[in-house]
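Understanding the architecture of this molecule
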Amino acid sequence: PIASIRSRRVWDSRGNPAVEVDVRLESGALGRAIAPSGASRGTREALDLRDGGKAFGGKGVKKALAAVNDVIAPALIGIEAGEQERVDAAILALDGSPLKEKLGGNATVATSLAVLHAAAADSGTPLWRHVADRYRHTPSLPLPEIQIFGGGAHAGRRVDIQDFMIMVPGASSLDEVMEVTNEVYFAAGDIMASRGKIAGVADEGGWWPVFDSNEEALETLVSAIEKAGEKPGERVVISLDIAASEFGQDGRYRLALEDRELDSAAMIDMLGDWLDAYPIASIEDPLGEDDADGMEEFTRRFGERVQIIGDDYLVTNAGLVEQAAARGACNAVLVKVNQAGTVTESINTFDAAQAAGWRSIVSARSGETEDVSISHLATGLGGGQLKVGSFARSERMAKWNECLRIQDELGASAFVGGRPLAGTWWG
Ligand code: PGA
Ligand code: ZN
């Protein structure tokens, strides 16, 4: 049973306050987790509780820490850590607000994840194995989506599109993915430096670009893949997070970099042209979170050949996944535990996606820490894909490196390789 729950303020990769929770069991086992934090958030996702006011840009977490210590902890003491559903139901009952704004998604997710860690520690198994056993999933090492350039809300909106990423579905091991990514990442940096197109690194460790158009980013990414000795579209493919809700509303999309505005149909046509011209295997939030018709139309036109992921559009919500699947909008969901606010709701979303025949991509946030829970969740749930940001900065590398440690326990043959993308145009 849970003996004590304690929160503390720590600091995230952007230097902002974050909530860490320690769950101690009567056996002595300890579970610990830190809440991440997004910058391009969906309007329907769980809300972090922040103090407001002048200090720390209003991002203080005193109220969230108090919610853990004074409200959540007393209700959970004595419950078995293995009873994750009961724990999460108790948290939900205490909160009662639609977006968890009362206790704060940061308070709930750190607690919920820490309980999961404690249960794993108690059974003496690594978290990935505990998750696989507990939820009866077949574990597998995920295929990474790794960012090469940042953009959107993660790079001062220097380009409109948020994530320019690669996947290496043609690799036969996770080590091979890392090797290829290293080559592409530095090739991209070299090309940009030689053209005067680089301004440092963005929030998730990808290069901060100084491009004149969104397509220049795609062209440069293709050049980087070639410079790394790869033929684009073979072992290496491109993955994009358009994060269209950041620049689109009510069916109008404002591309600031190119000083033009597109309606939903023109946006779909532009992305369709990109799909024809570049080896893109996956695309996230191609339309805004309020543009369900656009999502449906985009999926109708391109769903056979490309993975279409809902992030802001689906906010790790099982009900929204079911609705979207029923109307044929998207064919994959991003799973961010802090969007849902509890482990149970996140896994329910994962399972809803699986039931719909969709793929799932476990994902980090742009504000991260040394917490590596998602490497374990991605492996234990066996969803096949993991999105963490780029190939630089330790809050990102910690997740990739944890996957390599898990590989040592699970065996290299558990790497899914290109299987999760089979059926897309390149597969
Ligand atoms: P966020 O962005 O963590 O800043 O919300 C990540 C994403 O859009 O996938
Ligand atoms: Zn996204």
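Because the structure is predicted, anything quoted here is derived from the model rather than measured.

A word on the pairing of strand β2 (residues 17-25). Look at any regular strand and the pattern is simple: side chains alternate between the two faces of the sheet. Among the 9 residues that make up β2, 8 are buried, leaving the element largely enclosed by the rest of the structure. In this sheet, β2 lies alongside strand β1 (residues 2-11) in antiparallel orientation, the contact comprising 9 bridges. Considered in β2, the bridge of I5 is made with V23. In this structure, the hairpin formed by β1 and β2 is closed by a connection of 5 residues, where G15 is found at a positive phi of approximately 80°. Two strands pair when backbone bridges link them, and β2 and strand β3 (residues 30-34) are joined in this way by 5 bridges, in the antiparallel orientation. Counted as the bridge partner of V21 is A33 from β3. In sequence, β2 turns back onto β3 through a hairpin of 4 residues, with G28 there showing a positive phi of about 100°.

Before going further, it helps to examine the packing of helix α7 (residues 264-277) against helix α8 (residues 292-302). Contact geometry of α7 with α8 gives a least axis separation of 10 Å together with a crossing angle of 30°. Considering the angle they form, α7 stands roughly parallel to α8. As for how α7 packs across α8, the hand of that crossing is right-handed. Across the interface between the two elements, S264, I268, D269, L271, G272 and L275 from α7 touch G294, E297, F298, R301 and F302 from α8. Considered class by class, the residues forming the contact of α7 with α8 number 5 nonpolar, 3 polar and 3 charged.

Our focus in this paragraph is the site of ligand 1. Taken together, 13 residues surround ligand 1, and among them A39, H154, R365, S366 and K387 come closest. Within the side chain of H154, one N or O atom sits 2.7 Å away from an oxygen atom of ligand 1. Out of a free accessible area of 280 Å², ligand 1 has 99% covered by protein chains. Looking at side-chain class alone, the shell around ligand 1 contains 2 nonpolar, 5 polar and 6 charged residues.

The protein atoms donating to the zinc ion (ligand 2) are D241 (OD), E284 (OE) and D311 (OD), with metal-donor distances spanning 2.1 to 2.2 Å. Sequence spacing of the donor residues for the zinc ion (ligand 2), all on one chain, is D-x42-E-x26-D. With D241 in strand β8 (residues 237-241) and E284 in strand β12 (residues 280-284), this residue pair connects regions lying 43 residues apart in the sequence. Residues D241 and E284 agree in their burial class; the two are buried.

Here we come to the sheet that holds β3. The 3 strands are arranged β1-β2-β3 in an open sheet whose pairing can be described as antiparallel. Two strands lie at the open edges of the sheet, namely β1 and β3, each paired on one side alone. For this sheet the average axis-to-axis angle between neighbouring strands, irrespective of direction, equals 15°. Along the sheet, helix α1 (residues 62-76) makes contact with β1 and β2, crossing β1 at roughly 170°.

What counts and what doesn't
Residues numbered from 1 in each chain as written. Chains lettered and ligands numbered in written order. Predicted model: local features only at pLDDT ≥ 70, side-chain atom pairs only at ≥ 80, totals over all residues. Heavy atoms only, no water. Buried < 20%, exposed > 50% of the residue type's maximum accessible area, 1.4 Å probe, protein only. Helix = DSSP H or I, 4+ residues; strand = E, 2+ residues; numbered from the N terminus. Pairing = 2+ DSSP bridges. Axes fitted to C-alpha atoms, helices over the stretch in contact; angles between N-to-C directions. Parallel < 35°, antiparallel > 145°, perpendicular 65-115°, else oblique. Left-handed = near helix turned anticlockwise from the far one by under 90°. Contact = heavy atoms within 4.5 Å. Nonpolar A, V, L, I, M, F, W, Y, C, P; charged D, E, K, R; others polar. Near = heavy atom within 4 Å. Polar contact = N/O pair within 3.5 Å; in protein donor to acceptor, adjacent residues only side chain to side chain. Areas by Shrake-Rupley, 256 points an atom, 1.4 Å probe, with all protein chains shown as cover. Donors = N, O, S within 2.8 Å, 3.2 Å for Na, K, Ca; no water.

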